[in-house]
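Analysis of the macromolecular model
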Amino acid sequence: MGQSVLTAAFTRRDGALYCEDVSAEVIAREAGTPVFVYSSAVIRDRYSRLTAALAGVKHRVHYAMKANGNRAILSLLRELGSGVDVVSGGELHRAQRAGFKGHDIIFGGVGKTIRELREGLKAGVKLINVESEAELLMLEAVARELGVVAQVGLRINPDVTVENSHAYIATGSRGHKFGIPHDEALALVKIARGLEHIELIGLDMHVGSQLATLEPYRAGLDRLMELAGRIAAMGTKIRYVDVGGGLPVRYDDGDPEPDLDAFAAVIAPVLKKLNAELIVEPGRFFSAASGVLLARVLYRKRSGGKDYVIADAGMTELLRPSHYDAYHLIESATPSGERAVVDVVGPVCESGDFLAQDREMDSVEPGDLLVVHTAGAYGYVMSSNYNARPKAAEVMVDGAKFAVVTARETYDDLVRLEQAHPDWRDA
Ligand code: LLP
């Protein structure tokens, strides 16, 4: 059971789990637990498969670094040729430190501050995806102050129905906070065309994450195509069409792997008709299956007829099970062959602190190492210091080598920004 979630990069040798050619137990011993472990081979493989599928259309991949902004992953993707999609000044900073230049960067997000707009313009980003009239006018003012012309995409909410695993990750339906309602877009285009420091060159959508079918892409693109036609009739050429992220990954046996050729077949004809360059912004697709979370079993206990496995990782490291009711396959790094039905919980003082509930899985004992699969996306980036828990370490594997790419936080890190003696000021 569950084996198909394992990929060529996560295999078993004499029963023990390996990431590429490095044993999970060795990493856990050397780097401690909890620790996120990423396979560089998975990222390389996914990048080359996606770009091969899209080869027939002029395109650029802009990795959505919100999924995993680890510098080693960013650098790897940059070396492969990827650009990046950022949604905050902090992500822009991280991207620049990882070597991305302005033309490699797309700046999105529904609530960019003046400071962030300024930072984006100063960095010379390729596209700022604007989500409202108010933001457009703010961007005009900031660009005027800097004496530059902002290269702008409009993020359209195409109002499409999206089937995915959780309401929190659907974004492209009527009434969501994201984007410009498609039936209000032309009015905004007219305004944009009248602004001296705005050059409208792109249309953008992101209809949701972990999309179960290609239908939302098809429906959303139809809307963008119609809009681009009308914009062209007004005399403005749309050069970039950004279809967002959303490619799904396999968390459980039944989950489909995305059909990249079918994805390309939906998109390419539209882009060719528009004679525009395609931008894709997958996040999860690259990083999710590249990563596992390793955690040590601390205790087992029975309570109220339930069997608990208490691990040294929980919602503070991987929030997805608790927040989205998300499934992650959990195995023992060295299974004994015995099975048990358990709740896998963390040490945090919350009943919602779990990694799995009522799960049939390998029976484990204190000291055993747990492998939580498909944890490379929206894992570390969503982790917190709740209960004053230092953030986990991150390790990158490449063949038979591994490196700690983010050190585990220390207790001192937890209090670094606090003032022992407040500097009181008169109000
Ligand atoms: N582009 C935009 C504008 C986005 O908002 C997102 C994700 C992406 C691209 C990348 O989507 P992906 O390819 O990763 O599906 N924390 C949630 C997922 C939230 C996604 C937010 N936006 C989770 O753990 O499932």
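Parameters at a glance
- Residues numbered from 1 in each chain as written.
- Predicted model: local features only at pLDDT ≥ 70, side-chain atom pairs only at ≥ 80, totals over all residues.
- Heavy atoms only, no water.
- Helix = DSSP H or I, 4+ residues; strand = E, 2+ residues; numbered from the N terminus.
- Buried < 20%, exposed > 50% of the residue type's maximum accessible area, 1.4 Å probe, protein only.
- Lys, Arg positive; Asp, Glu negative; His and termini not counted.
- Salt bridge = Lys/Arg side-chain N within 4 Å of Asp/Glu carboxyl O.
- Polar contact = N/O pair within 3.5 Å; in protein donor to acceptor, adjacent residues only side chain to side chain.
- Contact = heavy atoms within 4.5 Å.
- Near = heavy atom within 4 Å.
- Areas by Shrake-Rupley, 256 points an atom, 1.4 Å probe, with all protein chains shown as cover.
- Nonpolar A, V, L, I, M, F, W, Y, C, P; charged D, E, K, R; others polar.
- Domains from an automatic or database assignment.
- Phe/Tyr/Trp six-rings, centres within 6.5 Å; stacked < 30°, edge-to-face > 60°.
- Lys NZ or Arg CZ within 6 Å of the ring centre and 35° of its normal.
- Axes fitted to C-alpha atoms, helices over the stretch in contact; angles between N-to-C directions.
- Left-handed = near helix turned anticlockwise from the far one by under 90°.
- Pairing = 2+ DSSP bridges.
- Core = buried A, V, L, I, M, F, W, Y, C linked by side-chain atoms within 4.5 Å.
- Right-handed = clockwise from strand over helix to strand, strands pointing away.
- Buried area = accessible area lost by both parts, 1.4 Å probe.

The next point concerns the side chain of Asp312. Relative to the elements of secondary structure, Asp312 occurs in the loop between strand E15 (306–311) and helix H11 (320–324). For the buried Asp312, no salt bridge is present, and the opposite-charge side chain at shortest range is Arg296, 6.0 Å distant. Of note is the side chain of Asp312, whose polar atom sits 2.6 Å from the side chain of Thr33. A distance of 2.8 Å separates the side chain of Asp312 from the backbone nitrogen of Arg296, its partner in a polar contact. Excluding residues within four positions of it along the chain, Asp312 makes contact with Thr33, Pro34, Ala295, Arg296, Leu298, Glu317, Pro347 and Arg389.

All chains considered together, the criterion is met by 25 salt bridges. For Arg60, the salt bridge identified is with Asp104, shortest N-O distance 3.0 Å. Linking Arg60 in strand E5 (residues 59–64) with Asp104 in the loop between helix H4 (89–97) and strand E7 (105–107), this pair joins segments that are 44 residues apart in sequence. Judged on exposure class, the residue Arg60 and its partner Asp104 are both buried. Residues Arg416 and Asp413 are paired through a salt bridge, measuring 3.8 Å at the closest nitrogen-oxygen approach. A residue is classified by how much of its surface remains accessible, and Arg416, at 59% relative accessible area, is exposed. Bridged by salt links that share partners, the residues Glu25, Arg29 and Arg296 form one connected network.

What follows covers the site of the ligand. By nearness alone, 18 residues border the ligand, and Ser209, Glu281, Arg320, Tyr324 and Tyr378 come closest of all. Between an oxygen atom of the ligand and a side-chain N or O atom of Ser209, the distance comes to 2.3 Å. For the ligand, whose unbound accessible area comes to 590 Å², protein coverage reaches 90%. Grouping the amino acids of the shell around the ligand by side-chain chemistry returns 6 nonpolar, 6 polar and 6 charged. When we break the shell around the ligand down by domain, the ones giving at least three residues each are domain 1 (3–32 + 290–415) and domain 2 (40–283).

A few words on the packing of aromatic side chains. Throughout the structure, instances matching the rule amount to 6 aromatic pairs. When the centroid spacing of 6.0 Å and the interplanar angle of 70° are considered together, the rings of Tyr63 and Phe286 count as edge-to-face. Residue Tyr63 is found in strand E5, and its partner Phe286 is found in helix H10 (residues 284–287); the two are separated by 223 residues along the sequence. Judged on exposure class, the residue Tyr63 and its partner Phe286 are both buried. An aromatic cluster is built from Tyr47, Tyr63, Phe285 and Phe286, whose rings are joined through pairwise contacts. Cation over ring: Arg46 sits above Phe285, and NZ or CZ is 4.8 Å from the ring centre.

Right, let's talk about the packing of helix H2 (residues 40–53) against helix H3 (residues 71–80) for a bit. Where H2 contacts H3, the axes come no closer than 10 Å and their chain directions differ by 35°. Handedness of the crossing formed by H2 with H3: right-handed. Across from Ser40, Ile43, Arg44 and Tyr47 in H2, the residues of H3 making contact are Ile73, Leu76, Leu77 and Leu80. Tallied by class, residues from the contact of H2 with H3 come to 6 nonpolar, 1 polar and 1 charged.

Pairing is antiparallel in the open sheet, where 3 strands are placed in the order E1-E2-E3. In this open sheet, the two edge strands, each paired with only one partner strand, are strand E1 (10–13) and strand E3 (22–23). Pairing of strand E2 (residues 16–19) with E3, which is carried by 2 bridges, proceeds in the antiparallel orientation. In the sheet register, Tyr18 faces E3, and the bridge partner there is Ser23.

Residue placement: Lys177 occurs in the loop between strand E9 (150–157) and strand E10 (180–181). For Lys177, a relative accessible area of 59% corresponds to the exposed category. For Lys177, the contacting residues outside a window of four places in its chain are Val110 and Glu131.

As a further point, take the nonpolar core. One recurring pattern in soluble globular proteins: nonpolar side chains tend to sit buried together. Among the nonpolar cores identified, the biggest contains 102 residues, and Leu50 and Leu154 are the most heavily contacted of them. The biggest single contributor to this core is helix H9 (residues 260–274), with 9 residues. Per-domain counts for this core show at least three residues from each of domain 1 (3–32 + 290–415) and domain 2 (40–283). When near neighbours in sequence (up to four residues on either side) are disregarded, Leu154 contacts Asn129, Val130, Ile180, Leu188, Val189, Leu200, Gly202, Leu203 and Asp204.

The side-chain alternation of strand E8 (residues 127–130) yields two buried faces, one formed by Leu127 and Asn129 and the other by Ile128 and Val130. Here E7 runs beside E8; their pairing, made up of 2 bridges, is parallel. Each residue of the ladder has a partner; that of Ile106, found in E8, is Leu127. Assessed by its sense of winding, the connection that carries the chain from E7 through helix H5 (residues 114–123) to E8 is right-handed. In this sheet, E9 lies alongside E8 in parallel orientation, the contact comprising 3 bridges. Within E9, the position partnered with Val130 by the bridge is Leu154. In this fold, E8 hands off to helix H6 (residues 133–146), which returns the chain to E9; that crossover is right-handed.

The domain boundaries assigned to the protein chain delineate domain 1 (3–32 + 290–415) and domain 2 (40–283). Using only C-alpha atoms to locate each centre, domain 1 and domain 2 end up separated by 32 Å. Listed as interface residues are 25 residues of domain 1 and, on the opposing side, 22 residues of domain 2. Note on domain 1 versus domain 2: buried area summed over both sides is about 2,000 Å², and carbon and sulfur give 56% of it.

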